[in-house]
Amino acid sequence: MKTRLILLLINVGVLMGCAGPFKYHDPNIPHHGKDGFLNNYDNTPKASVLKWYWERWTTSFPPDEPGGAATVAVDLNALKNPEALQITWLGHSSMLVQMDGMNILTDPSLSERVSPFSFMGPKRFGKLPLEIEQLPKIDVVVISHSHYDHLDLASLRKINQQNQGQTRFLVPLGNKELLKGEDILNVEEYDWWSGEKIGPIQFTFAPAQHWTTRTTFDVNRTLWGGWMIKGATRQVYFVGDTGYSKDFQDIRQRLGAVDVALIPIGAYAPRWFMQKQHIDTTEAVLIHQDLGARFSLPLHWGTFKLSDEPMAEPPVKLKESLQNANLPLSVFPVLSRGETFSFEKASKQGK
């Protein structure tokens, strides 16, 4: 009870915080607002977090239940020299993408909790499928936004140290100084539709429907979005966190259809509160279609208890959403934590 009250007060403080002039304000760039970054299509006020927390406080909200995603042992040998595109789910939104001889991590959150505190906040369900020390040398880390379950400084520090500062860190506008404060110096930040080519792979930061904060003074002061990862022959899109919007049709129009999309399917309940910031499984299928994805992989479920739906529910709802859209389940396979998806094998099986 005491912990829930503290969390409530923390979130109230975050939402009521204020800050000085917004340094990225630019009247010629629509999403660079006067007081913070804006979404492209919906900037109406979010539903009240206070109402949500009051509901959880005053009703018989179910306790954090065991379950969620299963964990399997990572095939470490398969990670050493992949012959073609393969993607390993490490839990939540952390994916190891291997293509064109490069190792890329998305939003590595490999700590025990996703919180500003080590002793409280959402705790990991199940064990990590591997330790950071067992990862292959990471060439690039891409970050979607600054929320604690996506930008985990402890994980980033370990990855940076393990690779002796050689890993490149690509972050949204406003986050570079945060990483530099942790002695992560090989970092660059990007606006929507900007990016760079590293080795054979082009990285492009693209829009999403979301918001950001880490303290009481930085609501929407850092940008959010997803990453297009375009190799010589394959293209992967990492969505990050998002509500449903026309952004994904825009992304396909500007950057092309994708071979594999990495799409969140969890943290969607209650819909009256989550809809503007987190998609449900029906909207995940819509994004799969909007991006023209050959395959999609679900993430952002079964690892941390962040919302009101049961931990194991998202894959069940995803199956229903695929059936309602008359799509085969094979185009959106549900991985266990630690499992590796091979694009070539999946493509052959689909013929």
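Look up: the structure comes first, before these words.
Overview of the structure. (Residues numbered from 1 in each chain as written. Predicted model: local features only at pLDDT ≥ 70, side-chain atom pairs only at ≥ 80, totals over all residues. Heavy atoms only, no water.)

1. Observations concerning the pairing of strand E5 (residues 168-172)
On any regular strand, side chains alternate: one points to one face of the sheet, the next to the other face.
(1) Moving on: Across the five residues that make up E5, a large majority, five, are buried.
(2) Moving on: Note on the crossover from strand E4 (residues 140-142) through helix H4 (residues 153-162) to E5: the handedness is right-handed.
(3) Moving on: Taken together, the four bridges between E5 and strand E6 (residues 187-190) define a ladder with parallel strand orientation. Opposite Leu-170, over in E6, you have Glu-188 as the bridge partner. (Buried < 20%, exposed > 50% of the residue type's maximum accessible area, 1.4 Å probe, protein only. Helix = DSSP H or I, 4+ residues; strand = E, 2+ residues; numbered from the N terminus. Right-handed = clockwise from strand over helix to strand, strands pointing away. Pairing = 2+ DSSP bridges.)

2. A look at the packing of helix H6 (residues 247-255) against helix H8 (residues 281-290)
(1) Moving on: The geometry of H6 relative to H8 is characterised by a closest axis approach of 8 Å and an angle of 20 degrees between their N-to-C directions. Considered as vectors, H6 and H8 are oriented roughly parallel to each other. The two elements H6 and H8 cross, and the hand of that crossing is right-handed. Each of Phe-248, Gln-249 and Arg-252 in H6 lies in contact with H8, whose residues at this interface are Ile-287, Gln-289 and Asp-290.
(2) Moving on: Of the residues that constitute the contact of H6 with H8, the class distribution is two nonpolar, two polar and two charged. (Axes fitted to C-alpha atoms, helices over the stretch in contact; angles between N-to-C directions. Parallel < 35°, antiparallel > 145°, perpendicular 65-115°, else oblique. Left-handed = near helix turned anticlockwise from the far one by under 90°. Contact = heavy atoms within 4.5 Å. Nonpolar A, V, L, I, M, F, W, Y, C, P; charged D, E, K, R; others polar.)

3. Regarding the sheet that holds strand E3 (residues 102-106)
(1) Moving on: Spatial ordering of the open sheet is given by E6-E5-E4-E3-E2-E1-E13, a layout of seven strands whose pairing is mixed. If you trace the sheet from one side to the other, it starts and ends with E6 and strand E13 (340-342), each paired once. Taking the axes of each pair of neighbouring strands and ignoring which way they run, one obtains an average angle of 20 degrees across the sheet.
(2) Moving on: Where H4 meets the sheet, its contacts fall on E3, E4 and E5, and the angle it forms with E5 comes to roughly 150 degrees.

4. Describing the packing of aromatic side chains
(1) Moving on: Tallied over the entire structure, the rule returns 11 aromatic pairs.
(2) Moving on: Look at Phe-205 and Trp-227: their rings are 4.9 Å apart centre to centre, the planes differ by 45 degrees, and that puts the pair in the tilted class. With Phe-205 in strand E8 (residues 201-206) and Trp-227 in strand E9 (residues 226-230), the pair connects residues that are 22 residues apart, well separated along the chain. Across the pair, Trp-227 and Phe-205 agree in class, each one buried.
(3) Moving on: Cation over ring: Lys-46 sits above Trp-211, and NZ or CZ is 4.4 Å from the ring centre.
(4) Moving on: Directly above the ring of Trp-193 sits Arg-254, whose terminal nitrogen or CZ lies 4.0 Å from the centroid. (Phe/Tyr/Trp six-rings, centres within 6.5 Å; stacked < 30°, edge-to-face > 60°. Lys NZ or Arg CZ within 6 Å of the ring centre and 35° of its normal.)

5. Considerations on the sheet that holds strand E7 (residues 195-198)
(1) Moving on: The mixed open sheet is built from six strands, whose spatial order is E7-E8-E9-E10-E11-E12. Edge strands, defined here as strands with exactly one partner in the open sheet, are E7 and strand E12 (295-299). Across the sheet, the mean angle separating the axes of adjacent strands is 15 degrees when strand polarity is ignored.
(2) Moving on: Examined bridge by bridge, E7 and E8 share four bridges and lie antiparallel to one another. By the bridge assignment, Gly-195 is partnered in E8 with Thr-204.
(3) Moving on: With respect to the sheet, H8 is in contact with strand E11 (260-264) and E12, its orientation differing from that of E11 by roughly 155 degrees.

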